[in-house]
Amino acid sequence: MQLLTQLVHTNLSRIKISKFGESGLVCDFGNEVTHHLNDFVWAARSQIQNISGVLYGIPTYNKLVVYFDSTKISTESLIGVIQQIKVTANTLTSNKIWKIPVCYDGKYGSELDRISEYLDTTNEETIQHHCSKPLYVYSYGGLPGHPKYGNFDLCAPGRLATPKSVVPAGSVGWVGTQGGITTMDAPGGWNTVGRTPMKLFDVTSADPCKIKPGESIQFYPITSKEFDAYC
Amino acid sequence: MPTVEFIKTGPLTTLQDNGRYGVQHIGLTPSGAIDKRLMHYVNRELGNKLDHPVLEFALQGPKLRIQDNVIICCAGDFDFQIEKQNGQIITGIQCKIYMLESNDIVSIGFCKNHTYGYIGFAHDFLVEPLFGSYSIDTYAALGPNNGKVFCNGDMLTLSKCQGVNIGVPGVFPNMTVPTEIKITKGPHWDYFLNTNDFLEQSFLVTHKRNRIGMRLQGPHIKTNMQHDMLSLGNIRGAVQITPSGDTIALLSDHGPSGGYPKIAVICNDDYEKLCQMPTNWYFKFKLKDD
């Protein structure tokens, strides 16, 4: 049997679907963090969302959680309908690269030192690596419009043992080989490497999320003066 | 236009309906009334659509001053009274419809053996829905009232009531507080080392609770899995274990995705029962036969 990563089209009967409570499913496309699998996940979400009784689908890197109204459709029927779906893996990937300004000053990058110590690099080298290449956006994270991207070549330390009660909007996080940019003040346990003045989510807009999965972002450093002047 | 003024609010008074669906892939939480049984009940009494927006409060209810004519119906485990302008005091009865007039004051007391109470209105709320829902999202602070819980002095404007189409009364939900909550195994069940403790020992409902989650005090649940696993989408009722071994049940305003492993999921029929448990209540999880 061919691997999913080698296929352009696939039938969802090839993926593992398991129950997640009485009204949820996990559609598992594999364990690799690749554009290809992520493309399948997003393609599956847009089709599954249209099934009567489905309330939502949440894509993460290579998995799709589906939540449905079990009074409208049973788990077994829903799995049956999903298995009939065919998806194509070239719908998402875009050439767009967002240039994102980041101020890495200590007051914004509270874990820059922690990351450098862990990587055994100077802060300058850490920043250089952070800005070194475009990073692919896989999904939105724990907040509205909050892009989650990868893959860094260097592996930063894991989540903080004790989450912070407030991580300010615009905080640029880095955990392992993945990153994310927060879009509002919220609690969080990620290492913060810096902060961007760019607004990435606007609930009043018809298209509230600035950055879309399938696009890429590349960081560039700015001074705190430039941060303050940014509008 | 009729108005409702919050002279005092409880700690967590919000507007809620069925919830905001189909936008979880861009990172919004579903929200929606915690106890939809009671939301449906008051709306059925008032002849509304079952998922018509209601005022939800937790622990302690609000004190409201009414202007113009307002029709309400309350449900939950709390006392309330209506103070008329002439000084007359009416002791409130649950699930009964009240026609209020200008300067009437509705005072809602503490929730007794439950945590969430509801006030239904035979009116529309003149606020802007977000993605089709009137629910206040306390996780990301979005939705009506700028996503904020109501504060003292806040005011809600209502549509003029066209009268009440008294519907067929529903069956009031069984509100007994259980000592057992049914679960199914979560996606990471097999990675935990002492699932027997999870099922055999008691959990305590702590005061660390809101519409996002409930922190439960119980056995320390150990796992040999990495806590830096990739995020997975969340659902209402998922039970997750933090790196320190604490147990958290995710409620209606849960974060849309998260990286903590999920040991179990509360069964649909027991979700409201868990959420409604009073603080300091003990219970056990019971695995539902599959």
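Residue indices begin from 1 for each chain and proceed along its sequence in written order. Chains carry letters and ligands carry numbers; both start at the beginning, A for chains and 1 for ligands, and go up in the order they are written. Per-residue local features of the predicted model are confined to residues with pLDDT of at least 70, and side-chain atom pairs are confined, for both listing and counting, to 80 or more; whole-chain, interface and lining totals are unaffected and use all residues. Hydrogen atoms and water are omitted, and side-chain values are computed over all heavy atoms in the structure.

### Re the side chain of histidine 254 of chain B
Strands are runs of DSSP state E lasting at least 2 residues, helices are runs of H or I lasting at least 4, and numbering of each runs from the N terminus. By secondary structure assignment, the location of histidine 254 of chain B is in the loop between strand 17 (247-250) and strand 18 (257-258). Of note is the side chain of histidine 254 of chain B, whose polar atom sits 3.4 Å from the backbone nitrogen of arginine 236 of chain B. Contacts between residues were defined by any pair of non-hydrogen atoms, one from each residue, lying within 4.5 Å. Every residue in contact with histidine 254 of chain B, bar those within four places of it in the chain, is listed here: Tyr56 of chain A together with Thr29, Pro30, Tyr139, Arg211, Ile212, Asn234, Ile235 and Arg236 of chain B. Throughout this description, a polar contact denotes any pair of N or O atoms lying within 3.5 Å of each other; where both atoms belong to protein, one of them has to be capable of donating a hydrogen while the other can accept it, and for residues adjacent in sequence the pair is counted only when both atoms sit in side chains.

### Quick look at the layout of surface pockets
A pocket, in this scheme, is an open set of points on a 1 Å grid over the protein atoms alone with protein on both sides within 12 Å along at least 5 of 7 lines, while a cavity is a set where a 1.4 Å probe fits but cannot get out; residues line either one if an atom lies within 4 Å of a point. Grid points are joined across faces, edges and corners, and a volume is the space filled by probe spheres set on the points. Put simply, the largest pocket is a space of about 1,400 Å³. Lining the largest pocket are 47 residues, with Pro163, Pro187, Gly188 and Gly189 of chain A together with Tyr260 of chain B positioned closest to its centre. For the lining of the largest pocket, the residue count by class is 15 nonpolar, 24 polar and 8 charged. In this structure, the second largest pocket occupies an estimated 720 Å³ of space. Together, 25 residues line the second largest pocket, and Thr71 of chain A together with Lys36, His40, Arg236 and Glu272 of chain B are the ones closest to its centre. Ranked by the residues each element gives to the lining of the second largest pocket, the list is headed by helix 1 (residues 36-46) of chain B, at 5 residues. Note that Gly is not counted as nonpolar here; it falls among the polar residues with everything else outside the nonpolar set of Ala, Val, Leu, Ile, Met, Phe, Trp, Tyr, Cys and Pro and the charged set of Asp, Glu, Lys and Arg.

### Details of unusual backbone geometry
A cis geometry characterises the amide bond from glycine 150 of chain A onward to asparagine 151 of chain A, with omega recorded as -10 degrees. Along the chain, asparagine 151 of chain A turns up in the loop between strand 9 (147-150) and strand 10 (164-167). Of note, leucine 59 of chain B is a non-glycine position whose phi angle comes to about 65 degrees, a positive value. Structurally, leucine 59 of chain B can be placed in the loop between strand 3 (54-58) and strand 4 (63-67).

### Side note on the sheet that holds strand 3 of chain B
Residues and elements named next belong to chain B. Strands sit in the order 2-3-10-5-8 across an open sheet of 5 strands; the sheet is antiparallel. Strands at the two margins of the open sheet, each flanked by one partner only, are strand 2 (14-16) and strand 8 (97-100). The mean inter-strand angle of the sheet, taken between neighbouring strand axes irrespective of direction, is 30 degrees. Pairing between strands is defined by DSSP: at least two bridges between the two strands are required. With 4 bridges joining them, strand 5 (residues 70-75) and strand 8 adopt antiparallel strand pairing. Within the sheet, the bridge partner assigned to isoleucine 72 lies in strand 8 and is tyrosine 98. For helices, the fitted axis covers only the stretch in contact; all axes are lines through C-alpha atoms, and the angles between them, taken along N-to-C directions, range from 0 to 180 degrees.

### Considerations on the nonpolar core
In this description, a nonpolar core means a group of buried Ala, Val, Leu, Ile, Met, Phe, Trp, Tyr and Cys residues linked to one another through side-chain atoms lying within 4.5 Å. When accessible area is computed with a 1.4 Å probe and restricted to protein chains, residues below 20% of their type maximum are described as buried, those above 50% as exposed, and intermediate ones as partly exposed. One finds Tyr116, Phe198, Leu216, Ile263, Leu274, Phe283 and Phe285 of chain B to be the most contacted residues of the largest nonpolar core, which totals 42 residues. In terms of nonpolar packing, the next biggest core, distinct from the first, is built from 26 residues, Val41, Ala43, Ala44 and Val54 of chain A among them.

### Considering the pattern of salt bridges
What makes a salt bridge here is a side-chain nitrogen of Lys or Arg within 4 Å of a carboxyl oxygen of Asp or Glu, nothing more. Evaluation of the coordinates by the stated rule reveals 18 salt bridges over all chains. Residue lysine 212 of chain A pairs with aspartate 207 of chain A through a salt bridge whose shortest N-O separation is 3.2 Å. Using a relative accessible area of 26% as the deciding quantity, one classes lysine 212 of chain A as partly exposed. In this structure, aspartate 246 of chain B engages arginine 215 of chain B in a salt bridge whose closest nitrogen and oxygen atoms are separated by 2.8 Å. With a gap of 31 residues between them, aspartate 246 of chain B in the loop between strand 16 (238-241) and strand 17 and arginine 215 of chain B in strand 14 (residues 213-217) connect regions that are remote in the sequence.

### As for the sheet that holds strand 5 (residues 63-68) of chain A
Neighbouring strands of a sheet are bound in pairs by backbone hydrogen bonds; such pairs are parallel or else antiparallel. Residues and elements named next belong to chain A. Taking strand neighbours across the sheet as the criterion, the 4 strands line up as 2-3-5-4 in an open arrangement whose pairing is antiparallel. Strands at the two margins of the open sheet, each flanked by one partner only, are strand 2 (16-19) and strand 4 (54-59). Neighbour to neighbour, the strand axes of the sheet diverge by 20 degrees on average, direction disregarded. Direction of pairing for strand 4 relative to strand 5: antiparallel, over a ladder of 5 bridges.

### Structural notes on the interface of chain B and chain A
Taken together, the contact pairs 38 residues of chain B with 39 residues of chain A. In short, buried area is how much 1.4 Å probe accessible area vanishes from two parts on joining, totalled over both. Taken together, both faces of the contact between chain B and chain A bury some 3,100 Å²; the carbon and sulfur share is 63%. Of all residues in chain B, His25, Leu230 and Ile235 of chain B give up the largest surface area on contact with chain A, accounting jointly for 20% of the area buried on that side. Here chain B is connected to chain A by 11 residue pairs in polar contact (both at pLDDT 80 or more). For the side of chain B that touches chain A, the secondary structure elements donating two or more residues are strand 15 (232-233), strand 19 (262-266) and helix 3 (268-276) of chain B. A class-by-class count of the residues in the side of chain B that touches chain A yields 19 nonpolar, 13 polar and 6 charged.

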